[in-house]
Amino acid sequence: KSSKREWKPLEDHSCTDVPWLLLFILFCVGMGFICGFSIATGAAARLLSGYDSYGNICGQKNVKVEGIINSGLDLTHKKYVFFLDPCNIDLVHQRIKSLALCVSACPRKELKTLADIQKFAETNGSSLCSYELQPSEYTTDPRATKLCPKYPVPESAPIPFFHRCAPVNISCYAKFAEALITFVSDSSVLHRLISGVMTSKEIIMGLCLLSLVLSMILMVIIRYISRVLVWILTILVILGSLGGTGVLWWLYAKQRVSASAVETQIAKDNLQALLIYAISATVFTVILFLIMLIMRKRVALTIALFHVAGKVFIHLPLLVFQPFWTFFVLILFWTYWITVLLFLGTTGSPVLNEEGFAEFRMVGPLKYMWWYHVVGLIWISEFILACQQMTVAGAVVTYYFTREKRNLPFTPILASVNRLVCYHLGTVAKGSFIITLVKIPRMILMYIHTQLKGKENACARCMLKACICCLWCLEKCLTYLNQNAYTATAINSTNFCTSAKDAFVILVENALRASALRVVFCLLPQVLIVCSTGLAGIMLLNYQRDYTIWVLPLIIVCLFAFLVAHCFLSIYEMVVDVLFLCFAIDTKYNDGSPGREFYMDKVLM
């Protein structure tokens, strides 16, 4: 029935999915409660001012806690947290496993003996040993070996705003890097990879800048020469794929001959990397050729949509700035989220741990608040991204379904934002919640896979990876369907489920057209930029092949090029997707006869 229902673009607006908006507001109130609770329980003061191993907050008077020695001290003049052994890091729990004290000043030079520590305390009035010892007892009391810092005491400085004494030389924190890089079991391989990156850092930075410039040039080209751009992109990608594949095989053959004469580990690593790159490029080129062969007859519509998209950006220049506003709002929210997460790490009541020191832990149902906070990160982030999609969809729909373009609103973007806020926030909340429901199980499975690495059998590992992959694919499909559902909502002002159903019917009826559009627009520009940057990287790194491993520098460059291309072209991708759905609806319900005139541009006709 919904497929036969009349579409009435922009004729009337009504509120959609109001219960979901109320649910989202209640959820945000819960997020605010978590922030308020953590501040009210003193977590903010403990985070900013710091606290010692006995539960005392530095820089203020404290209340005595029953059962904890040295608690309830007046530390008004001791404003900095000092760790007796700052390099003793617990990699499992990711924290410094050391006695913490509040001190008046951080040691600004290395202290090599107990006599130096005593002299520092007498000179600066800052006692670096436990509260039980007086400075005069540092060199005479036998307890000093346990209650004083491990020497030599490294030079340290206070962290701005957080009042912690941190070693100036951070070499002792290198264990964190070793713990994070779990995929490399051979330290010599890790050393060669890192040395390759450090040796090629100028080339990597130059190539990253090249990808940025190429993306900006492509944005300008898309706007002004869209009619011939598709053919130019197609030809360039085909030539680039063939040329890149040929160059890789030529370099492999050349280095294979030279490697037989010079047997070094770096030469072997580079030869193996070149073989992998060459085989991957060959497979990719064959797949790309097959796709272009199948889609060749449907390129005409893509060319027309590119041309109309160029007109949209001429009439709606503010669309270009939408990703920047969205990114700014996301940064603000993520900053707030991380701050509250740090608050949660120091909230709760002081309890004695197994070492006899104070720790702040939440008890009862409150200890699960951080789960709620994690769900909030995903849902609200997806909500912000969905608001951008709805705003862009509303502006492009207004452009498409306004017959006389001179009658467009003065600022279609602001008009779209106004409609979003007044009518469709519930729809956006519902769509973003559906994506959240898929993301959370995938993240849980990824966490389980990380924790069981090396412990599970091959079958379990394969099943986990398959589930993660399937959930990722489902998430991408739902994201695409959501975006088209927002477009249907902007056109007809229907709720999310009705809009998603209507959009799905239209997309199924135009499946081949939609596939051609996604391949040409989403794949070709990104492939062109990544291939161009990667090929330039291969040619430049070839001059350092005798002392530099290519693998990591080239991967870094290609990943950066892909991310830059995706960020720059995402707004164009959204506009073309919205135009395509409007075009499909227009051709289905109008035929050009009196009373059923087309809304589309003449190029699309």
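What counts, and where the lines are drawn
- Note that residues are indexed from 1 along each chain, following the sequence as it is written.
- Predicted model: local features are reported for residues with pLDDT of at least 70 only, side-chain atom pairs are reported and counted for 80 or more only, and whole-chain, interface and lining totals are derived from all residues.
- Side-chain numbers here rest on the full set of heavy atoms in the structure, without hydrogens or water.
- UniProt positions are given in the numbering used here, feature names are shortened, and annotations may be inferred rather than shown by experiment.
- Ring pairs shown here join Phe, Tyr and Trp side chains whose ring centres sit within 6.5 Å, with only the six-membered ring taken for Trp; geometry is labelled stacked below 30 degrees between planes, edge-to-face above 60, and tilted in between.
- Strands are runs of DSSP state E lasting at least 2 residues, helices are runs of H or I lasting at least 4, and numbering of each runs from the N terminus.
- Here's how the labels work: a residue is buried when its accessible area is under 20% of the maximum for its type, exposed when over 50%, partly exposed in between, all with a 1.4 Å probe on protein chains only.
- For a Lys NZ or an Arg CZ to count as sitting over a ring, it must be within 6 Å of the ring centre and within 35 degrees of the ring normal.
- Here the nonpolar core consists of buried residues drawn from Ala, Val, Leu, Ile, Met, Phe, Trp, Tyr and Cys, with membership extended through side-chain atoms lying within 4.5 Å.
- Only heavy atoms matter for contacts: two residues are in contact if any of them lie within 4.5 Å across the pair.
- Each patch is built from residues that are more than 30% exposed by relative accessible area and take part in no salt bridge. Like charges join if they lie within 9 Å; nonpolar side chains (Val, Leu, Ile, Met, Phe, Trp, Tyr) join within 5 Å.
- Surface accessibility in these figures is a Shrake-Rupley result with a 1.4 Å probe; residues are shielded only by whichever protein chains are displayed.
- The salt bridge definition used is simple: a Lys or Arg side-chain nitrogen within 4 Å of an Asp or Glu carboxyl oxygen.
- Polar contacts, as counted here, are pairs of nitrogen or oxygen atoms within 3.5 Å of one another; within protein the pair requires one atom able to donate a hydrogen and one able to accept it, and residues that are adjacent in sequence qualify only if both atoms are side-chain atoms.
- Disulfides are defined as pairs of cysteine sulfur atoms found within 2.5 Å of each other.
- Given a helix with a known number of residues, its expected span is that number minus one, times 1.5 Å.

Labelled according to an unreviewed UniProt entry, the chain appears under the name Choline transporter-like protein, originating from Smutsornis africanus. According to its UniProt record, the chain has this under Sequence similarities (unreviewed entry): "Belongs to the CTL (choline transporter-like) family." The Function (unreviewed entry) comment attached to the chain in UniProt states, word for word, "Choline transporter."

Visitor: Could you give an account of the packing of aromatic side chains, naming the residues involved and the relevant values?
Guide: In this structure the tally under the stated criterion is 13 aromatic pairs. Ring centres of Phe27 and Tyr372 lie 4.6 Å apart, and the angle between their planes is 20 degrees; on these two criteria the pair is classed as stacked. Linking Phe27 in helix α1 (residues 18-40) with Tyr372 in helix α12 (residues 369-400), this pair joins segments that are 345 residues apart in sequence. Classification of Tyr372 as partly exposed rests on a relative accessible area of 30%. Through a chain of ring-to-ring contacts, the aromatic side chains of Trp20, Phe24, Phe27, Tyr372, Trp379, Phe383 and Phe433 assemble into a single cluster. A cation over a ring is seen here: Arg403 above Tyr599, with NZ or CZ 3.9 Å from the ring centre.

Visitor: Before we move on, can you summarise the nonpolar core with the specific residues and values?
Guide: Counting 43 residues, the largest nonpolar core has Val312, Leu319, Val575, Leu579 and Leu604 as the members making the most contacts within it. Residue assignment for this core shows that the elements contributing at least two residues are α10 (299-315), α12, α14 (458-492), α15 (496-509), α16 (511-541) and α17 (551-589). The biggest single contributor to this core is α17, with 14 residues. In this view, Leu319 contacts Val312, Phe313, Val392, Val396, Ile413, Ile571 and Val575; residues no more than four positions away in its chain are not counted.

Visitor: Lay out a nonpolar patch on the surface in plain terms, naming residues and giving numbers.
Guide: Nonpolar side chains collect at one region of the surface, where Leu341, Tyr368, Trp370, Trp371, Ile444, Tyr447, Ile448 and Leu452 lie side by side and expose about 780 Å² of accessible area between them. Of all elements in the fold, only α12 and α13 (412-451) reach the threshold of two or more residues within the nonpolar patch. The greatest single-element share of the nonpolar patch, amounting to 3 residues, is contributed by α13. Along the chain, Trp371 falls in helix α12. Looking at Trp371, the relative accessible area reads 43%, which means it is partly exposed.

Visitor: Before we move on, can you summarise unusual backbone geometry with the specific residues and values?
Guide: Positive phi is not limited to glycine here, since Asp17 has a value of about 55 degrees. Locating Asp17 in the fold gives a position in the segment before α1. The residue His163 is not glycine, and still its phi comes out positive at about 55 degrees. By relative accessible area, which is 29% here, His163 ends up partly exposed.

Visitor: Go over the side chain of Ser71 with me, naming the residues and quoting the values.
Guide: Mapped onto the elements of the fold, Ser71 is located in the loop between α2 (43-49) and β1 (80-83). The exposure class of Ser71 is buried, given its relative accessible area of 7%. A polar side-chain atom of Ser71 sits 3.1 Å from the main-chain amide nitrogen of Val65. At 2.8 Å, the side chain of Ser71 forms a polar contact with the backbone oxygen of Ile68. Once residues lying within four places of it in the same chain are set aside, the contact partners of Ser71 are Tyr54, Asn56, Lys64 and Val65.

Visitor: Give a description of the state of the cysteines that names residues and reports values.
Guide: Applying the stated criterion to the full structure yields 3 disulfides. Covalent S-S linkage joins Cys129 and Cys148, the inter-sulfur distance amounting to 1.9 Å. Since a negative S-S torsion denotes a left-handed disulfide, the Cys129-Cys148 link at about 110 degrees is right-handed. Highlighted residues: Cys129 in the loop between α3 (114-124) and α4 (144-147) and Cys148 in the loop between α4 and β5 (156-158), separated in sequence by 19 residues. Classification of Cys129 as buried rests on a relative accessible area of 2%.

Visitor: Give a description of helix α11 (residues 322-345) that names residues and reports values.
Guide: Over its 24 residues, α11 extends 35 Å from the first C-alpha to the last, a length consistent with the 34 Å expected when each residue adds 1.5 Å. Listed as buried for α11 are Gln322, Pro323, Thr326, Leu330, Phe333, Trp337, Val340, Phe343 and Leu344.

Visitor: Summarise the environment of Gly67; cite the residues concerned and give the values.
Guide: Locating Gly67 in the fold gives a position in the loop between α2 and β1. Assessed through its relative accessible area of 63%, Gly67 is described here as exposed. Taking C-alpha positions, Gly67 is 9.8 Å from Ala358, a pair spaced 291 residues apart along the chain.

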